[in-house]
Amino acid sequence: NAGVTQTPKFRILKIGQSMTLQCAQDMNHNYMYWYRQDPGMGLKLIYYSVGAGITDKGEVPNGYNVSRSTTEDFPLRLELAAPSQTSVYFCASSSPEGGNYEQYFGPGTRLTVT
Amino acid sequence: GNSVTQMEGPVTLSEEAFLTINCTYTATGYPSLFWYVQYPGEGLQLLLKATKADDKGSNKGFEATYRKETTSFHLEKGSVQVSDSAVYFCALSTTGTASKLTFGTGTRLQVTL
């Protein structure tokens, strides 16, 4: 199993540009999440999904959109990039089966908006 | 709402020293508690977890005990190694919330020879 994969690893955007951060998992997990990690701030939840076709906002959703058309994929869309979106983005997945709450994280995407 | 408070870093220790990283939480209901570790340039990995009061999670020589009376989940290791240098995150999850995690701000540990 590859686990949770994310592309790209690094990206530099100009203000106002758009991009999609890709996330895929091959563990058949129903739950998927997007976090951003700012220096010294821990991780903040952007959006999450409990299954294909179902998404919901997390703590910091403004400026982002998501979709979940399949169990495997959970892309994150930035429509009009702003410097405040410079961060490291992590995707994660989990399964509620058996009461196991562990989340599995991808390696992250480092995004710089200038 | 839920929140996690963990000690500020960085923490610098010599190899074989004893490690404690404090973590306290505020949550509705009975949360599950986690320690995640992030090595340089990598994503987060689960280090250990505890799902009910008085449970002790352990892994790779690290331990943490779920203390409901003090709402704490302090991370300890008896003898740290250089390879333990990383950022450690305390986190919690409550039932009925799609296993969403609330993280502390992280504590950077630097172990020197």
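Here is a short report on the structure shown in this document. Quick caveat, the model's predicted, so the values are computed rather than measured.

Quick notes on the rules
- Residues numbered from 1 in each chain as written.
- Chains lettered and ligands numbered in written order.
- Predicted model: local features only at pLDDT ≥ 70, side-chain atom pairs only at ≥ 80, totals over all residues.
- Heavy atoms only, no water.
- Helix = DSSP H or I, 4+ residues; strand = E, 2+ residues; numbered from the N terminus.
- Rg over C-alpha atoms; globule rule 2.2 N^0.38 Å.
- Core = buried A, V, L, I, M, F, W, Y, C linked by side-chain atoms within 4.5 Å.
- Buried < 20%, exposed > 50% of the residue type's maximum accessible area, 1.4 Å probe, protein only.
- Contact = heavy atoms within 4.5 Å.
- Pairing = 2+ DSSP bridges.
- Axes fitted to C-alpha atoms, helices over the stretch in contact; angles between N-to-C directions.
- Polar contact = N/O pair within 3.5 Å; in protein donor to acceptor, adjacent residues only side chain to side chain.

### Concerning the overall build of chain A
Argument step 1. Within chain A, the regular secondary structure consists of zero helices and 11 strands.
Argument step 2. Along the chain direction, N to C, the helices and strands of chain A fall in the order β-β-β-β-β-β-β-β-β-β-β.
Argument step 3. Here chain A has a C-alpha radius of gyration of 13 Å; the compact-globule value for 114 residues is 13 Å, and the two agree.
Argument step 4. Here the C-alpha coordinates of chain A stretch approximately 45 × 30 × 25 Å along the principal axes.

### As for the overall build of chain B
Argument step 1. Counting its secondary structure elements, chain B contains zero helices and 12 strands.
Argument step 2. Reading chain B from its N end, one meets helices and strands in the order β-β-β-β-β-β-β-β-β-β-β-β.
Argument step 3. In summary, chain B has a C-alpha radius of gyration of 14 Å against a globular reference of 13 Å for 113 residues, a match within 12%.
Argument step 4. Counting only C-alpha atoms, chain B reaches 45 × 30 × 20 Å along its principal axes.

### Remarks on the nonpolar core
Argument step 1. Leu19(B), Trp35(B), Leu47(B), Leu48(B), Phe73(B), Leu75(B) and Tyr88(B) are the most contacted members of the largest nonpolar core, which totals 26 residues.
Argument step 2. Only β2 (11-14), β3 (19-21), β4 (23-26), β5 (32-38), β6 (44-50), β8 (62-65), β10 (86-93) and β12 (107-112) of chain B provide two or more residues apiece to this core.
Argument step 3. In terms of residues, this core owes the most to one element, β10(B), which gives four residues.
Argument step 4. Once residues lying within four places of it in the same chain are set aside, the contact partners of Tyr88(B) are Gln6(B), Ile21(B), Trp35(B), Tyr36(B), Val37(B), Leu47(B), Phe62(B), Leu75(B), Gly106(B), Thr107(B) and Leu109(B).
Argument step 5. Tyr31(A), Leu45(A), Val88(A) and Phe105(A) belong to the second largest nonpolar core, which has 20 residues in total.

### Remarks on the sheet that holds strand β3 (residues 19-25) of chain A
Residue and element names in this part refer to chain A.
Argument step 1. Strand order in the open sheet made by the four strands is β1-β3-β8-β7, with antiparallel pairing throughout. Both outer strands of the open sheet, β1 (4-7) and β7 (64-66), are each paired with one neighbouring strand and no more. Going from strand to strand, the sheet's axes swing by 20° on average, the running direction of each strand aside.
Argument step 2. In the sheet, β7 pairs with strand β8 (residues 76-78) via three bridges, with the strands oriented antiparallel. Within β8, the position partnered with asparagine 65 by the bridge is arginine 77.

### Digging into the side chain of Thr109(A)
All names here are of chain A.
Argument step 1. Following the sequence through the fold, threonine 109 ends up in strand β11 (residues 109-113).
Argument step 2. Among the residues examined, threonine 109 registers a relative accessible area of 0% and is labelled buried.
Argument step 3. Within the local environment of threonine 109, its side chain forms a polar contact with the backbone oxygen of proline 8, the two atoms lying 2.6 Å apart.
Argument step 4. Sequence-distant contacts of threonine 109, defined by excluding residues within four places in its chain, comprise Gln6, Thr7, Pro8, Lys9, Leu21, Ser87, Val88 and Tyr89.

### A look at the side chain of Ser93(A)
Residue and element names in this part refer to chain A.
Argument step 1. Relative to the helices and strands, serine 93 is located in strand β9 (residues 87-94).
Argument step 2. Within the structure, serine 93 has its side chain in polar contact with the side chain of histidine 29 (distance 2.8 Å).
Argument step 3. With residues up to four places along the chain from it excluded, the contact list for serine 93 reads Val4, Gln25, Met27, His29, Tyr31, Met32, Tyr33, Glu102, Gln103 and Tyr104.

Just geometry here; none of it tells us what the structure is for.
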